[in-house]
Amino acid sequence: MRKILLPEHEIPTRWLNILPLLPEPLEPPLDPQTKEPMSPDKLSVIFPEPLIEQEVSDREWIDIPDEVLKIYSLWRPTPLHRALSLEEYLKTPAKIFYKNESVSPPGSHKPNTAVAQAYYNRISGVRRLTTETGAGQWGSALSFATQFFGIECRVYMVRVSYNQKPYRRVLMETWKGEVIPSPSPNTEAGKKFYEKDPDHPGSLGIAISEAIEEAATRDDTKYSLGSVLNHVLLHQTVIGLEAKKQMEMAGFYPDVVIGAVGGGSNFAGLSFPFLADKLRGEKPNLEVVAVEPTACPTLTEGEYRYDFGDTVGMTPLIKMYTLGHDFVPPPIHAGGLRYHGDAPIVCKLYDLGYISAAAYRQTEVFEAAVTFARTEGIVPAPESAHAVKRAIDEAIKCRETGEEKVILFNLSGHGYFDLNAYDRFLQGKLEDS
Ligand SMILES: *Cc1c(COP(=O)(O)O)cnc(C)c1O
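Residues numbered from 1 in each chain as written. Predicted model: local features only at pLDDT ≥ 70, side-chain atom pairs only at ≥ 80, totals over all residues. Heavy atoms only, no water.

(A) Just the overall build of the protein, in detail. Of regular secondary structure, the protein possesses 16 helices and 15 strands. Against the globule reference of 22 Å for 433 residues, the protein gives a C-alpha radius of gyration of 20 Å, in line with a compact fold. Taking the principal axes of the C-alpha coordinates as reference, the protein spans close to 60 × 50 × 40 Å. Burial analysis of the protein (433 residues in total) assigns 62% to the buried set. A fraction of 76% describes how many contacts in the protein between residues 6 or more apart in sequence connect residues 24 or more apart. With the model as given, the accessible surface of the protein reaches about 16700 Å², and the carbon-plus-sulfur share is 49%. The centroid of the 45 positive side-chain charges in the protein is displaced by 4 Å from the centroid of its 58 negative side-chain charges. (Helix = DSSP H or I, 4+ residues; strand = E, 2+ residues; numbered from the N terminus. Rg over C-alpha atoms; globule rule 2.2 N^0.38 Å. Buried < 20%, exposed > 50% of the residue type's maximum accessible area, 1.4 Å probe, protein only. Contact = heavy atoms within 4.5 Å. Areas by Shrake-Rupley, 256 points an atom, 1.4 Å probe, with all protein chains shown as cover. Lys, Arg positive; Asp, Glu negative; His and termini not counted. Charge placed at Lys NZ, Arg CZ, Asp CG, Glu CD.)

(B) How the structure looks around the packing of helix H14 (residues 362–375) against helix H16 (residues 419–426). Look at H14 against H16: their axes get within 11 Å of each other, and the N-to-C directions meet at 100 degrees. When the interaxial angle is binned, H14 and H16 end up roughly perpendicular. Here Thr-363, Phe-366, Glu-367, Ala-369, Val-370 and Arg-374 of H14 lie close against H16, whose contacting residues are Ala-421, Tyr-422, Phe-425 and Leu-426. In terms of residue class, the contact of H14 with H16 is made up of 7 nonpolar, 1 polar and 2 charged. (Axes fitted to C-alpha atoms, helices over the stretch in contact; angles between N-to-C directions. Parallel < 35°, antiparallel > 145°, perpendicular 65-115°, else oblique. Nonpolar A, V, L, I, M, F, W, Y, C, P; charged D, E, K, R; others polar.)

(C) Summary view of the nonpolar core. Counting residues in hydrophobic clusters, the biggest one holds 91 residues, and the most contacted among them are Trp-15, Tyr-72, Val-115, Tyr-223, Phe-272 and Val-346. Looking at this core, you find at least three residues from each of domain 1 (3–8 + 65–107 + 231–426) and domain 2 (45–53 + 110–229). Not counting residues within four places of it along the chain, the set of residues in contact with Tyr-223 comprises Ile-46, Phe-47, Leu-129, Thr-130, Thr-131, Glu-132, Ile-208, Ala-211, Ile-212 and Ala-215. Membership of the second largest hydrophobic core comes to 34 residues, among which are Ile-378, Phe-409, Leu-411 and Ala-421. (Core = buried A, V, L, I, M, F, W, Y, C linked by side-chain atoms within 4.5 Å. Domains from an automatic or database assignment.)

(D) Just the site of the ligand, in detail. Around the ligand lies a shell of 18 residues, among which Lys-110, Ser-227, Gly-262, Ser-265 and Asn-266 are the nearest. Between an oxygen atom of the ligand and a side-chain N or O atom of Lys-110, the distance comes to 2.5 Å. Residue Gly-262 places a main-chain N or O atom 2.7 Å away from an oxygen atom belonging to the ligand. Contact with the protein chains removes 98% of the 380 Å² of surface that the ligand exposes when unbound. (Near = heavy atom within 4 Å. Polar contact = N/O pair within 3.5 Å; in protein donor to acceptor, adjacent residues only side chain to side chain.)

(E) How the structure looks around the pairing of strand E7 (residues 152–158). Most of E7 sits out of view: 6 of its 7 residues are buried. Taken together, the 6 bridges between strand E6 (residues 128–133) and E7 define a ladder with parallel strand orientation. Within the sheet, the bridge partner assigned to Thr-133 lies in E7 and is Met-157. With helix H5 (residues 137–146) bridging E6 and its parallel neighbour E7, the resulting β-α-β unit is right-handed. (Pairing = 2+ DSSP bridges. Right-handed = clockwise from strand over helix to strand, strands pointing away.)

(F) Structural context of helix H11 (residues 265–279). At Phe-272, H11 shows its largest kink, close to 50 degrees, and the proline Pro-273 lies no more than four residues downstream. Where burial is concerned, most of H11 is hidden: 15 out of the 15 residues are buried. Positioned one or two residues after H11, Gly-281 has a phi angle of 85 degrees, which is positive. (Bend = angle between axes of the 7 residues up to and from the residue.)

(G) Region of the structure containing the sheet that holds E7. The 4 strands lie next to each other as E8-E7-E6-E9, forming an open sheet whose pairing is parallel. Looking at which strands have only one partner, the edges of the open sheet turn out to be strand E8 (178–182) and strand E9 (221–223). The mean inter-strand angle of the sheet, taken between neighbouring strand axes irrespective of direction, is 25 degrees. As paired elements, E7 and E8 share 5 bridges and run parallel to each other. Looking at E8, one finds that Tyr-156 is bridged to Ile-180.

(H) Inspection of the packing of H14 against helix H15 (residues 384–401) at higher detail. Where H14 meets H15, the axes come as close as 8 Å, and the angle between the chain directions of the two elements is 80 degrees. Accordingly, the angle class assigned to the pair H14 and H15 is roughly perpendicular. Residues Glu-364, Val-365, Ala-368, Ala-369, Thr-371 and Phe-372 of H14 pack against Ala-385, His-386, Val-388, Lys-389 and Ile-392 of H15. The residue inventory of the contact of H14 with H15, partitioned by class, reads 7 nonpolar, 2 polar and 2 charged.

(I) The sheet that holds strand E5 (residues 95–100), seen in detail. Taken together, 7 strands build an open sheet; the order of strands is E1-E4-E5-E15-E10-E11-E14 and the sheet is mixed. Every other strand in the sheet has two partners, leaving strand E1 (3–4) and strand E14 (356–360) as the edge strands with one partner each. Note: strand E10 (residues 256–260) against strand E11 (residues 287–293), 5 bridges, orientation parallel. Directly across from Ile-258, in E11, lies its bridge partner Val-289. The sheet contacts of H14 involve E5, E14 and strand E15 (406–411), and relative to E14 the element is tilted by about 95 degrees. Across the sheet, H15 touches E5, E10, E11, E14 and E15, and the angle it forms with E15 is around 170 degrees.

Shown next as structure tokens:
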């Protein structure tokens, strides 16, 4: 079988919450002023109640509301593919599967949480959301999601991307999102940078500060984050829950599960339902690999400590692997992987040795991406191509050892808005930083 498809009525009706399965609890977020553990309700200035509840919930299963399922069914369940052509090309005895999250209208896994967040904000009476976007994928997903619930969406977009990726902006505007290049003169956080240099290239950290400041200072507005937080990872588990059923239909259980990690949400979404088996002691040999760029090596080279989630220092302090909140990664094309920290749950699982991590250079990642496009057809997002690279390396190792490993990776998105980067690669102009 080349594609393993589920019928629409098999979209999971519950998300899997991994928090109660962790071998030890997460360290609490700290108040940036007092350095004391922060009570979750202090977050209510920027997040609605139901999402704060999910952030700290100890229930293993959380029902997906019907209204969310209705919108999920526009593109879910997503296909699971057996990468037969890639296997043939690599002459590997390994079996390679990938979950195709690129089929959503915005082109990535991100609407899985964007739709849920828009819904919970709407039922909490919120009429306006702010957020940030780097490469434009999260901004697209939230613009797409909010329009279904009559919520206005303002997106602070890192200025370099705003200038370099006009089509992502057009996509957001088509879905009624309002896009503002960051740093902007709209906020105190933005002004600090904007007034010194109106052409300041910006960063994800600055854009987060702007979006949070606006939400914190306007009664009608809340803030939405596309990765890192526990509730975001929770919503993404719909990916792995489907994949588990599909792998069963194919008659396999993966030996290795692989995902690219920016903040950790697509990686968590695919892997947590399988990791739950490992945490329960049922699959002790399951390998789970988080893949990141060498240009932003959060897990492989960061420190495990408390740090801010943004640049200016407005968020609570969270315990995570971090390169430092003022780290500015080189401008690699996998914009979605340029974050200084990672999700606290992913960091905890890494620290305890339940998952491993690997880092790859930009040029070798694009080489893998092109190999994938020339065998399986789909042009992967530069972010997803990190997972492709690892899957190919695993399969080549199997060719050498003769092992018939079952490899599963997340194709988190397509790269059709990233053709500029592909152009540079094909012309031999792409460099490693
Ligand atoms: C945003 C994005 C990522 C990285 O974010 P995570 O939260 O780590 O998943 C990876 N792939 C694609 C296609 C993205 O849009």
